[in-house]
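Overview (structure and organization)
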Amino acid sequence: MHSLFEEFSNHVGIVGVILTLMAFYLINMNKVTSKSLSYQWLNLVGSILLLYSLIFHWNLASVLIEIAWISISLLGLYRALKFRSSGKEEVTA
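Given the structure is predicted, the values throughout are model-derived calculations rather than measurements.

1. What to know about the packing of helix H2 (residues 37–56) against helix H3 (residues 60–86)
- Where H2 meets H3, the axes come as close as 8 Å, and the angle between the chain directions of the two elements is 155 degrees. Taken together, H2 and H3 sit at an angle that is classed as roughly antiparallel. Where H2 crosses over H3, the handedness of that crossing is left-handed.
- Across the contact of H2 with H3, the residue classes tally to 15 nonpolar, six polar and two charged.

Structure follows, in structure tokens:
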């Protein structure tokens, strides 16, 4: 069973890369904002999938950045949900 998970880990990691890059592209093209739930979810899920891949293809530096990316995405998701429930208008700086 372990080999089955390992066999698909590269595919899972590639999907994670695509999702993370999609989030980066969308924010740079002004299609989403940092308060957008879709932006935060793309980053979070992409990072989790990349971390899954790294379990089988260990690289400490990459694991650390994915843990940081997940943590920041969770914070961003919390803030986006809080912003959405407060009904405030978006302020850009």
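2. Here's the deal with unusual backbone geometry
- Positive phi values are uncommon outside glycine, yet Asn 30 reaches one of about 55 degrees.
- Note on placement: Asn 30 falls in the loop between helix H1 (2–28) and H2.
- Since its relative accessible area comes to 69%, Asn 30 is described here as exposed.

Calculation rules
- Residues numbered from 1 in each chain as written.
- Predicted model: local features only at pLDDT ≥ 70, side-chain atom pairs only at ≥ 80, totals over all residues.
- Heavy atoms only, no water.
- Axes fitted to C-alpha atoms, helices over the stretch in contact; angles between N-to-C directions.
- Helix = DSSP H or I, 4+ residues; strand = E, 2+ residues; numbered from the N terminus.
- Parallel < 35°, antiparallel > 145°, perpendicular 65-115°, else oblique.
- Left-handed = near helix turned anticlockwise from the far one by under 90°.
- Nonpolar A, V, L, I, M, F, W, Y, C, P; charged D, E, K, R; others polar.
- Buried < 20%, exposed > 50% of the residue type's maximum accessible area, 1.4 Å probe, protein only.

Fair warning: the whole summary comes from geometry, so function is off the table for now.
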